[in-house]
Amino acid sequence: MAQQGLRGKSLVHIQDLSLPDIEHVLDVADKMVPAAEGKQRVTSAQGRLLATLFFEPSTRTRLSFEAAMARLGGQSLGFSEPKTSSAAKGETLADTVRVTSQYADVIVVRHPQEGAARLAQRFSRVPVINAGDGAGQHPTQTLLDLFTIRREKGPIGQQRVALVGDLKYGRTVHSLAQGLARFGTEMVLVAPPTLQMPRDQVEDLKHAGARVTLATRLEEVVGSADVLYVTRIQKERFPDLEEYRKVAGTYTVDAELLAQAKRSAIVLHPLPRVGEIDPEVDSTQHAKYFQQAFYGVPVRMAILSLILGLGE
Ligand code: NCD
């Protein structure tokens, strides 16, 4: 049974989940929506603790995990600023995890280094959820992105999805492309040549049977896309700020561009946006990125519930 598939397991990479696992998370998340909205009371996580270890800035991911745990009746502890933890004294991630995993039933880790969550998993006595490891993966964001597409557009495999922006350093798109490939979704990877998705990842997508094409100009893609998934250029990952300046502001989604889009096309963004989507888009029928941010709560409720084996 798919539910057995997540119980007691870590979620580090989107490939840790089978397609039935992913579909089960989305189905459970559907049922969590009323409780996520505060319209229904759930107490299944009473007495359970979530530890959040955030070594990198976050608003949505950390707060929606805490909201999800609270909406399930459980509690959270943790830090959002490594300066206030013993990491500032030089403690290794391994030791921080060894210790904090004794205080909680599940831990969520965000870290600037790729592979950090996998390392955390090795030293943890409880399941580890990866909330972003450098330019690596962000699997829970992918689950909420898939959930948003399914709720707002219908069958995931029937969409044409344009992934736009920083496909080199963006962990959300690394996970999402692999998640979409599972559904056989058609993808267009739109990026400046220097920020295109790493070649080995594109090859992996093709090997998985995904229909993938590459593009540099958003104008060529906007008319045929069902979903525009826009991302921030990941300034903090550039070894050279001069290189960042060359590509900053490459793409802007505004009303003029969207005049060429399908009426039913939706615009998603993991947020934060820093100029990629003009605020004038917010009031159009295309804008779904704030709804997407809300879906982080029911989806993370589903993930926590399944990993902790709380039943539905
Ligand atoms: C993303 C991240 O941290 O990877 N944010 C998020 O979790 N919603 C995207 C980003 O920072 O650009």
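Residues numbered from 1 in each chain as written. Predicted model: local features only at pLDDT ≥ 70, side-chain atom pairs only at ≥ 80, totals over all residues. Heavy atoms only, no water.

All right, on to the site of the ligand then. Close to the ligand lie Thr61, Arg110, His138, Gln141, Arg171, Thr172, Arg232, Gln234, Pro270, Leu271 and Pro272. Arginine 232 places a side-chain nitrogen or oxygen 2.9 Å from an oxygen atom of the ligand. Here an oxygen atom of the ligand sits 2.9 Å away from a polar atom, N or O, in the side chain of glutamine 234. Relative to its unbound accessible surface of 320 Å², the ligand loses 93% to contact with the protein. Residue classes in the shell around the ligand are distributed as three nonpolar, five polar and three charged. (Near = heavy atom within 4 Å. Polar contact = N/O pair within 3.5 Å; in protein donor to acceptor, adjacent residues only side chain to side chain. Areas by Shrake-Rupley, 256 points an atom, 1.4 Å probe, with all protein chains shown as cover. Nonpolar A, V, L, I, M, F, W, Y, C, P; charged D, E, K, R; others polar.)

Our focus in this paragraph is the packing of helix 6 (residues 139-153) against helix 7 (residues 171-182). Packing of helix 6 against helix 7 brings their axes to within 8 Å, and their N-to-C directions diverge by 55°. Between helix 6 and helix 7, the interaxial angle falls into the category oblique. You can see that helix 6 and helix 7 cross each other, and the crossing is right-handed. Residues Pro139, Gln141, Thr142, Asp145, Leu146 and Ile149 of helix 6 pack against Thr172, Ser175, Leu176, Gly179 and Leu180 of helix 7. (Axes fitted to C-alpha atoms, helices over the stretch in contact; angles between N-to-C directions. Helix = DSSP H or I, 4+ residues; strand = E, 2+ residues; numbered from the N terminus. Parallel < 35°, antiparallel > 145°, perpendicular 65-115°, else oblique. Left-handed = near helix turned anticlockwise from the far one by under 90°. Contact = heavy atoms within 4.5 Å.)

One open sheet accounts for four strands, arranged 2-1-3-4; its pairing is parallel. Each edge of the sheet is formed by a strand with only one pairing partner; in this case those strands are strand 2 (75-79) and strand 4 (128-133). Averaged over neighbouring strand pairs, the angle between their axes works out to 15° when direction is ignored. (Pairing = 2+ DSSP bridges.)

For the rest of this paragraph, the subject is the nonpolar core. Counting 62 residues, the largest nonpolar core has Leu143, Leu163, Leu180 and Leu304 as its most contacted members. When near neighbours in sequence (up to four residues on either side) are disregarded, leucine 163 contacts Val173, Leu176, Ala177, Leu180, Met187, Val188, Leu189, Val190 and Tyr229. Grouped together as the second largest cluster of nonpolar side chains are 23 residues, Leu218, Leu228, Val253 and Val281 included. (Core = buried A, V, L, I, M, F, W, Y, C linked by side-chain atoms within 4.5 Å. Buried < 20%, exposed > 50% of the residue type's maximum accessible area, 1.4 Å probe, protein only.)

On the secondary structure map, threonine 148 appears in helix 6. On the basis of relative accessibility, which here comes to 0%, the residue threonine 148 falls in the buried class. A polar side-chain atom of threonine 148 sits 2.7 Å from the main-chain carbonyl oxygen of leucine 144. Look past the residues within four positions of threonine 148 in its chain and what remains in contact with it is Lys153, Leu268, Gln292 and Tyr295.

Geometry only, nothing functional implied.
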